[in-house]
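Examination of the molecular architecture
Listed below are the residues making up each chain.
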Amino acid sequence: MNLELLTPAEMAEADRLAIATGPFDGIGLMRNAGGAVAAVALERFPDAKRVHVLAGPGNNGGDGYVAAKILHESGIAVSLWASGAPRDGTDAAIAAAECPVPERPLADFDAEAGELIIDALYGAGLSKPLVDAAARAVALVATKRLPVIAVDLPSGVSGESGKVLGDAFRATLTVTFARKKPGHLLMPGRELCGELIVADIGISPDVIESLAVITSENQPSLWRRAFPSPAVDTHKYRRGHVGIFSGGPTSTGAARLSALAAARAGAGAVTVFSPGNALAVNAMHLTSIMLRKVDDVAELAAVLGEGRSSAFVLGPGFGVGEKARDFALAILAAGGRLAEAGAKGIVLDADGITAFRDAPQWLFEAAARPEAPALVLTPHEGEFARLFSDIAGNDDLSKLGKARAAAAAAHAVVIYKGADTVIAAPDGRAAINANGAPWLATAGSGDVLAGIVAGLIAQRMPAFEAACAGVWLHAEAGSRFGLGLIAEDLPAALPPVIKSLSGQDSVSGSQH
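Residues numbered from 1 in each chain as written. Predicted model: local features only at pLDDT ≥ 70, side-chain atom pairs only at ≥ 80, totals over all residues. Heavy atoms only, no water.

**Points about the packing of aromatic side chains**
When we look at a pair of aromatic rings, we describe it by the centre distance and by the angle of the planes. In this structure the tally under the stated criterion is eleven aromatic pairs. Seen in terms of ring centroids, Phe-245 and Phe-273 are 5.2 Å apart; in terms of plane orientation they differ by 50°. Their pairing is tilted. Here Phe-245, found in strand E9 (residues 241-245), pairs with Phe-273, found in strand E10 (residues 269-274); they are 28 residues apart in sequence, far enough to count as distant. Pairing Phe-364 with Phe-388 gives two aromatic rings, centres 5.5 Å apart and planes at 10°, and the pair type is stacked. In this pair, Phe-364 is assigned in helix H16 (residues 360-368) and Phe-388 in the loop between helix H17 (381-387) and helix H18 (389-392), connecting sequence segments 24 residues apart. Considered together, Phe-364 and Phe-388 belong to a single accessibility category, that of buried residues. Joined through ring pairs, the aromatic side chains of Phe-245, Phe-273, Phe-312, Phe-318 and Phe-327 make up one cluster. (Phe/Tyr/Trp six-rings, centres within 6.5 Å; stacked < 30°, edge-to-face > 60°. Helix = DSSP H or I, 4+ residues; strand = E, 2+ residues; numbered from the N terminus. Buried < 20%, exposed > 50% of the residue type's maximum accessible area, 1.4 Å probe, protein only.)

If you want it as structure tokens, here you go:
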């Protein structure tokens, strides 16, 4: 599976390199692209009474001219509506000159029920809102509920950010070329693309590889090689020991959800570190999960000094305040000793994130120390804004851009949660998750995710790969369970998903 996600600029560079190295020139690539769109129209909409091709003046429109020509030559009734003439000497101008279908101005566009729209107005590089005739066409198609094949992306959707710039078509399906773009997976673009088809138009894998792309779709083949597989002679501590910090007596459930998830993710041992006044409550609900009293930084220091825990989860149900900050900073400051004992990271979730809203720099500076264990942050949108207020308020950045900027600022792996969860590393790598399920929108779901990630880190999976794997496993378990899911169901739903990974380089999850 091709996981690279190309920005519009990277796609333009891929086109340039492909043209420079052959075997296709620019018009050759355009003919391949338009041919792919026409083939989809013929296969998926054989009964369309008429096909309306809406063509812009650029390369996206050139693909539309090619599609119109092929459909016309196939005996299909085709109408061609142009928003402007292609610039002389361009590949789009060649395609327009070769198209026998007469052009009409987009301002006069009209269509009826039973007819198909091919949206070839503007592609992934759109940077300004649709106006005038294009905006009117979007409204007309929506009002008449006509099926739409979008070329590259629905016009009005940014290929960089997935944002809607004014108005946008809602496509029945989208045909893109060579690789997906971030806008295909980021909301709301993902919803507007409909079914997504990636067509091979002759750009070689070597060209894509030369771009050194650092953004990927989050699928098992991205992290499968790093996924833990226990050796025959392993024992529980070789499989990692996760420490989960519990809140007070009325706030213990979240920590137990994280603990069960860490165990189900493969950690050999899991201990809930509980305040003394919550020991009895936790003990009533724990069997295979161990329990230990940790009330203050001194008791935490004793635990850290023993060097048994290889990953930690701090935040679920813990409470917001000085204690949460002190515990997190103590773990990060003990990095040298922890590293010698095999400790790999800390997952900071929920209250653990919010505790630093007034002093984020304390956390960032602690995570930046060379000896600090890996820090993984798991904010939803509100928590992200509390910790990264400047970045969250920057409307020029996409969700991908915000996650990447936050990871660099925090010296941490950031899991920016949502329907389009983005995982970003401090070195710039990022992945967008595409198998999210609506069933995961339930209380406690995030606590489970934190436990899964910690369980994988404890087994020596690198933090970025563990975060990507945790997000995918969490979503896949939710998808497979389906309607009626509550957070308590998720840990037990993990083993079948993990088992399905065994012996496979890639497992295809729920795909948009």
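**A short note on the sheet that holds strand E11 (residues 290-293)**
Strands sit in the order E8-E17-E16-E15-E14-E13-E12-E9-E10-E11 across an open sheet of ten strands; the sheet is mixed. Edge strands, defined here as strands with exactly one partner in the open sheet, are strand E8 (215-218) and E11. Across the sheet, the axes of successive neighbouring strands diverge by a mean angle of 20°, strand direction being ignored. Pairing geometry for strand E14 (residues 374-377) and strand E15 (residues 413-416), over two bridges, is parallel. Across the sheet, residue Leu-377 finds its bridge partner in E15, namely Val-414. Against the sheet, helix H10 (residues 253-264) touches E9, E10 and strand E12 (311-314), its axis set at about 170° to E9. (Pairing = 2+ DSSP bridges. Axes fitted to C-alpha atoms, helices over the stretch in contact; angles between N-to-C directions. Contact = heavy atoms within 4.5 Å.)

**Comments concerning the packing of H10 against helix H20 (residues 445-458)**
Taken N-terminus to C-terminus, the directions of H10 and H20 make an angle of 40°; their axes are 7 Å apart at the nearest point. It follows from the interaxial angle that H10 and H20 lie oblique. Considering the relative orientation of H10 and H20, their crossing is right-handed. Judged by residue contacts, Ala-254, Leu-257, Ser-258, Ala-261 and Ala-262 of H10 engage Asp-447, Val-448, Ala-450, Gly-451, Ile-452 and Gly-455 from H20. (Parallel < 35°, antiparallel > 145°, perpendicular 65-115°, else oblique. Left-handed = near helix turned anticlockwise from the far one by under 90°.)

**Brief notes about the pattern of salt bridges**
Under the definition given, this model contains 17 salt bridges. Arg-16 serves as the salt-bridge partner of Glu-13, at 2.7 Å between the closest nitrogen and oxygen. One end of the pair is Glu-13 and the other is Arg-16, both in helix H1 (residues 8-21) and three residues apart, which spans about a single turn. Using a relative accessible area of 29% as the deciding quantity, one classes Glu-13 as partly exposed. Look at Arg-16 and you get partly exposed, because its relative accessible area is 47%. Between Asp-110 and Lys-144 there is a salt bridge, and its shortest N-O distance comes to 3.1 Å. Note that Asp-110 is positioned in the loop between strand E3 (103-105) and strand E4 (116-120) and Lys-144 in helix H5 (residues 132-144), a separation of 34 residues in sequence. Three or more residues joined by partner-sharing salt bridges are found here, namely Asp-110, Glu-112 and Lys-144. (Salt bridge = Lys/Arg side-chain N within 4 Å of Asp/Glu carboxyl O.)

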